[in-house]
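# Coordinates in review
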Amino acid sequence: MGRSSFSPRSLGAPPQFTEWRAAQLDAIMRFDRTPHSTSLIVAPTGVGKTLLAWALGAITGMRTLILTANRSLQKAYADALADAGLVDVRGQQNYPCRAIGPMGHLRQYQQLSGSGMCDDAPCHHGVQCPLVAGGCDYYDAIHTASGAEFVVTNYAFWINIGKQLRAGRTKEDPLGKFDLIICDEAHMSADEVNRALTVELSAEAVRSLLGTQLLKEKAKPGEWRKWADRSAVLLRE
């Protein structure tokens, strides 16, 4: 295929993407297609990262996952590339629970769900819900994404899936395996990992676990260090 006929539209891009920008073509040519390799693309504002991210998957034929740092950027990808087959999937807190809606078959359990969203639905409180097999917005989104060639989600949701796998709460990745993972705003990924690994304990929880009180807020760093050393011993015991 000649360069003149190699256009975004020739790959199946949505109609608003009519031609390549020079930086996009340069990034595509430099992309390392070797399996298990890593490519770092430093692209300033205006390069057109949305099309570029999709194009890397379309050109290579790799099943592609695009990770974003926030849901607004995720929505931007989804809006721009929905016609190209990109599927948007998010955490349960983004989907209303249909089972407890006005016509839902579990509407008698509305009091169990303070938010009315899927992350606090009756199924999280031991109630069996047949919508898991079809009819639940969240699980339907998961099912659609698992069969899609192009998927976009956010770091927080993707990392949470890994935590569920690690803890043995699920046996396999619900989204399936990907050949290409594109980390948009990659410099923010470390913060997302740190946030996911952060554990917060209330004063009451500390007392319950260690049988000791927290120090007063005005305690000096040295005092906190000694307290932490003593607490570490108690945890090991």
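These numbers come from a predicted model, not from an experiment.

This next bit is on the nonpolar core. With 28 residues, the main nonpolar core has V89, Y138, V151, F157 and L175 as its most contacted residues. Apart from residues no more than four positions distant in its own chain, V151 is found in contact with R63, T64, L65, I66, L86, V87, V89, A145 and F178. Core analysis: the next-biggest nonpolar cluster, separate from the first, contains 25 residues, F31, A55, F150 and I182 among them.

One pass over the full model with this rule turns up one cavity of 30 Å³ or more. Taken as a whole, the largest cavity encloses approximately 100 Å³ of empty space. If you go around the largest cavity, you meet 15 residues; those closest to its centre are C97, A121, C123, C129 and C136. When the residues that make up the lining of the largest cavity are grouped by side-chain class, the tally is 12 nonpolar, one polar and two charged.

The strand order 2-3-1-4 describes an open sheet built from four strands, whose pairing is parallel. Of all strands in the sheet, those with a lone pairing partner are strand 2 (86–88) and strand 4 (180–183), marking the two edges. Averaged over all adjacent pairs, the angle separating strand axes in this sheet is 25°, with direction ignored. Bridge analysis of strand 1 (residues 64–68) against strand 4 gives four bridges, and the strand direction is parallel. By the bridge assignment for strand 4, I66 is matched with I182.

What counts and what doesn't
Residues numbered from 1 in each chain as written. Predicted model: local features only at pLDDT ≥ 70, side-chain atom pairs only at ≥ 80, totals over all residues. Heavy atoms only, no water. Core = buried A, V, L, I, M, F, W, Y, C linked by side-chain atoms within 4.5 Å. Buried < 20%, exposed > 50% of the residue type's maximum accessible area, 1.4 Å probe, protein only. Contact = heavy atoms within 4.5 Å. 1 Å grid on protein atoms, 1.4 Å probe; cavity = no way out; pocket = protein on both sides within 12 Å on 5 of 7 lines; lining within 4 Å. Points joined across faces, edges and corners; volume = space filled by probe spheres on them. Nonpolar A, V, L, I, M, F, W, Y, C, P; charged D, E, K, R; others polar. Pairing = 2+ DSSP bridges. Helix = DSSP H or I, 4+ residues; strand = E, 2+ residues; numbered from the N terminus. Axes fitted to C-alpha atoms, helices over the stretch in contact; angles between N-to-C directions.

Shape descriptors only; they carry no functional weight alone.
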